[in-house]
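# Descriptive analysis of the structure
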Amino acid sequence: MSYLDVIDTLQSVADGVLFGATYSLLGIGFTLVFGVMHKINLSYAAASIGAAYASLIVLSVVKAPAIFIFLLAGLAGGIIGFMIYVVCFRFIPQANPLATLMSTVGALLLIDEIIVHATVGIPVPYPALFSDVIVNAGPFTLRGDLMFMFALGCLSMLLLLVLLYRTKLGIATRAVAQQPVAAQLCGISIPRINGLTFVITGVVGGIAGAMIGAAIGVLSPLLSLPLTTKGLIVTVIGGLGSIPGAIIAGLLVGGFENLFQYFRGVTERDLYVMLLLFGFLVFRPGGIFSPAAGRD
Amino acid sequence: MDFYLGLAQIVGVHTLLGLSAYCVLLTGQVSLAQAGFFAIGAYVAAMLTVLAGWHIVPAIAAASFVAGATACAVSFPALRVKGLMLVVATLAFGEAVRLFFFNFDYQVAKGEVKIGPAGGEGFRQIRFFPENGWSTLDVLIFIWLFVALVMAGLWWMDRSRAGAVLRAVGEDEVAAQSAGINVTAVKVAAMTVGGFIAGLGGGIFAHYTAHIEHAQFGVALATFAIAYPILGGLSSVFGTLIAVVFVQGFLIEGLRFLGDWRNLLFGGLILLAMNVRPRGLIDAATIAAVKRMRTSNKEPGNARTQGAE
């Protein structure tokens, strides 16, 4: 392996890690909903893409600087998240995990089809920020848009952690996640917290959707199923319900997949991501940060 | 007429797929790997008839055994985890199988053309039915023979001790374990039977579509596989059949006149169905009602006392 190969390898890993910030955000969304409700929200990635589309629609009506697109996407994501909570979870018995699994699949298909219907099936270009900035660090080049995305992802994760660990709402959310009955006895309304969790994860997802759109350059409903798969893989590798785990696992999966894309080509790339997951399931089934034993 | 025969073929194959997920769901496990087993069955059966020149019956039998063996092998590591972890593990397995066939290139020169699975282009030359002069109706009868066989087998199993054991594990694992049931063995057995049925469905699917490629066996198909039994309800095998007819016959073909709007309605109706009937279209209450109706028809005197209660 020559010097240039090493440089190229490191370069592709670095690009992957930067893009992995979006996987981290998606993983956080899955993990938070699972932590609080012990339910899977399969429509989450589709809702994130939907929020990115919604931000485009708003931006085409109102003239605003391109940076607002991320705020708008977060806002739209929050609204969509709440709607998903109402149609998929609120009125379905909590004791029946299969029913909510299926209803979120219905929501996934519905969101995808609304997008296809509204765009006549044509992918929509998405504005990238700082795409003309390229930073040269020694032999490496770092793309400005990816760096901006990474910074934005880190900022949103930081805000989320502050929200969860430094505010009253965060304490209530974590209380419901740990012991729903005790939380209810303390006067916390569980439906309210569940709904708010969906709003929070929706905002995070909306930002992730906008970041994905900005990094790839186009938005398409075809993105939602692969992103669902990646988000779930990140959730499991990071450890269910663990936010730091989801962050690290997202960056890990991003770097890992770009590394194998460099070595083995785009068709085999995801095969190795699955192998990474199986490796974790066999040797560390609880994920990077497995929760204390006795809870699932 | 051919359209309806074709539709009945699709319903038959999807019923097999749904029943394969039904077996696994009875034990309370959600497996998104059924599309993977389906793909294995499809590729193995097609390769046996096209490349090895087998008859279709031994070919799909062999394909079912391969898919069942794979399911058995996969279930040992996969069943160490449960809940969401299992969903993701099986989803990843299904995707890994799909990606394997995406990269799987095994072509043999026969005459001047090369035949066999060709990676991303798929496997084209599956012509067992036309070569042997089977009409659409013959194929239809062939498919439904297997569907009837599998449904009868599962229906009988449901009424036997094995069905009770499966449901016990599905309802409450800890209680089942303390009643002396080997939970892992039950789950592995259910996965194996599910994989076997999925492989059977896949083998038939490959032969009536005549062209298979990796994209047909994606996450969407895996989701459909678990959607049928969940929508139909886990109380009876007929729930799965009714859900397949509902989805394939009504939602996909019946609403075709709506054009573009049909797809929008599709997800919406699944949402509505889950909100209105969270335990499936045919739940335990429906079955009890049907049974009551049957007994009251036989014994009118009995019905009056029941009505008075």
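The model shown is predicted, which means the values in this text are computed figures rather than measured ones.

## Some words on the overall build of chain B
From N to C terminus, chain B includes 14 helices and two strands. Each principal axis of the C-alpha atoms in chain B carries an extent, and together these give about 80 × 50 × 35 Å. In chain B, which comprises 309 residues, the share counted as buried stands at 48%.

## Side note on the overall build of chain A
A count of helices and strands for chain A gives eleven helices and four strands. Computed over its C-alpha atoms, the radius of gyration of chain A comes to 19 Å, within 12% of the 19 Å expected for a compact globule of 296 residues. By principal-axis analysis of the C-alpha atoms, chain A measures approximately 65 × 50 × 35 Å. Buried residues in chain A amount to 51% of all 296 residues.

## Quick word on the interface of chain B and chain A
Across the contact, 37 residues belong to chain B and 39 residues belong to chain A. When contributions to the side of chain B that touches chain A are tallied by element, the ones reaching two or more residues are α4 (84-102), α10 (219-232) and α12 (261-276) of chain B. Sort the elements by how many residues they give to the side of chain B that touches chain A and α4 of chain B lands first, with twelve residues. Counted by class, the side of chain B that touches chain A contains 25 nonpolar, seven polar and five charged residues.

## Here's the deal with the packing of helix α1 (residues 3-37) of chain A against helix α5 (residues 144-166) of chain A
Residue and element names in this part refer to chain A. The geometry of α1 relative to α5 is characterised by a closest axis approach of 9 Å and an angle of 30 degrees between their N-to-C directions. In terms of their interaxial angle, α1 and α5 are classed as roughly parallel. The handedness of the crossing between α1 and α5 comes out as left-handed. For the pair α1 and α5, the contacting residues are Asp-15, Leu-18, Phe-19, Ala-21, Thr-22, Ser-24, Leu-25 and Ile-28 in the first and Leu-146, Met-147, Met-149, Phe-150, Gly-153, Cys-154, Ser-156, Met-157 and Leu-160 in the second.

## Section: helix α4 (residues 97-119) of chain A
An α-helical segment advances 3.6 residues per turn. Residues three or four places apart therefore align on the same side. Residues and elements named next belong to chain A. Helix length check: α4 (23 residues) gives 33 Å between terminal C-alpha atoms against 33 Å at 1.5 Å per residue, within 8%. Counting buried residues in α4 gives 17 out of 23 residues, a clear majority hidden from the surface. Positive backbone phi, at 55 degrees, marks Val-120, one or two positions downstream of α4.

## A look at the pairing of strand β3 (residues 140-143) of chain A
Direction of pairing for strand β2 (residues 134-137) of chain A relative to β3 of chain A: antiparallel, over a ladder of four bridges. Of the residues in β3 of chain A, the one forming a bridge with Asn-136 of chain A is Thr-141 of chain A.

## Quick look at helix α10 (residues 243-264) of chain A
Given a rise of 1.5 Å per residue, 22 residues ought to cover 32 Å, and the 31 Å separating the end C-alpha atoms of α10 of chain A matches this to within 8%. Positive backbone phi, at 90 degrees, marks Gly-265 of chain A, one or two positions downstream of α10 of chain A.

## A few points about the packing of α1 of chain A against α10 of chain A
Residue and element names in this part refer to chain A. The contact between α1 and α10 brings their axes to 5 Å, and the two run at 140 degrees. When you trace α1 past α10, the crossing you get is right-handed. When grouped by side-chain class, the residues that make up the contact of α1 with α10 number 14 nonpolar, twelve polar and three charged.

## So, the environment of Pro-226 of chain A
Along the chain, the position of Pro-226 of chain A falls in helix α9 (residues 224-238). Sequence spacing of Pro-226 of chain A and Asp-270 of chain A is 44 residues, and the spatial spacing of their C-alpha atoms is 9.7 Å.

## Quick notes on the confidence of the model for chain B
All names here are of chain B. With 96% of its residues at a pLDDT of 70 or more, chain B shows a mean pLDDT of 85. Predicted confidence is poor over residues 303-309, with pLDDT under 50, and the contacts of this stretch with residues over four places away or in other chains come to three contacts. On the interface metric, ipTM, the complex scores 0.79, and its pTM is 0.85.

## What about unusual backbone geometry?
With phi around 55 degrees, His-38 of chain A is a residue other than glycine that occupies positive phi space. By the element assignment, His-38 of chain A lies in the loop between α1 and α2 (44-61). Since 17 C-beta atoms lie within 10 Å of it, His-38 of chain A is described here as partly exposed. A positive phi angle is found at Ala-210 of chain B, which is not glycine, with a value near 70 degrees. On the neighbour-count criterion, Ala-210 of chain B (15 C-beta atoms within 10 Å) is partly exposed.

## Observations concerning the confidence of the model for chain A
Counting all residues, the mean pLDDT for chain A is 86, and 97% of those residues have values of 70 or more. Confidence, expressed as mean pLDDT per element, reaches its minimum in chain A at β2 of chain A with 75 and its maximum at helix α3 (residues 68-90) of chain A with 91.

About the criteria used
- Within any chain, residue numbers begin from 1 and follow the written order of that chain's sequence.
- Each chain takes a letter, starting from A, and each ligand takes a number, starting from 1, following the order in which they are written.
- With the structure being a predicted model, the display of local features is reserved for residues of pLDDT at least 70 and the display and counting of side-chain atom pairs for 80 or more, all residues being used for whole-chain, interface and lining totals.
- Going along the chain from the N terminus, every DSSP run of H or I of four or more residues is numbered as a helix, and every run of E of two or more is numbered as a strand.
- Any residue with 12 or fewer other C-beta atoms within 10 Å of its own C-beta is exposed, any with 20 or more is buried, and the rest are partly exposed; the C-beta atoms used are placed from the backbone.
- Based on C-alpha atoms, the radius of gyration is set beside the globule rule, defined as 2.2 Å times the residue count to the power 0.38.
- What counts as a contact here is a pair of residues whose C-beta atoms, placed from the backbone, lie within 7 Å.
- When residue character is reported, Ala, Val, Leu, Ile, Met, Phe, Trp, Tyr, Cys and Pro are called nonpolar, Asp, Glu, Lys and Arg charged, and the others, Gly included, polar.
- Orientation is described by lines fitted to C-alpha atoms, with helices fitted over the stretch in contact, and by angles between N-to-C directions that extend from 0 to 180 degrees.
- An angle below 35 degrees is read as roughly parallel, one above 145 as roughly antiparallel, one from 65 to 115 as roughly perpendicular, and any other as oblique.
- Here a crossing is taken to be left-handed if its near helix is turned anticlockwise relative to the far helix by less than a right angle, and right-handed if that turn runs clockwise.
- Here the expected span of a helix is defined as 1.5 Å times the quantity of residues minus one.
- By this definition, two strands are paired if DSSP reports at least two bridges between them.
- The predictor reports its confidence for every residue as pLDDT, a score running from 0 up to 100.

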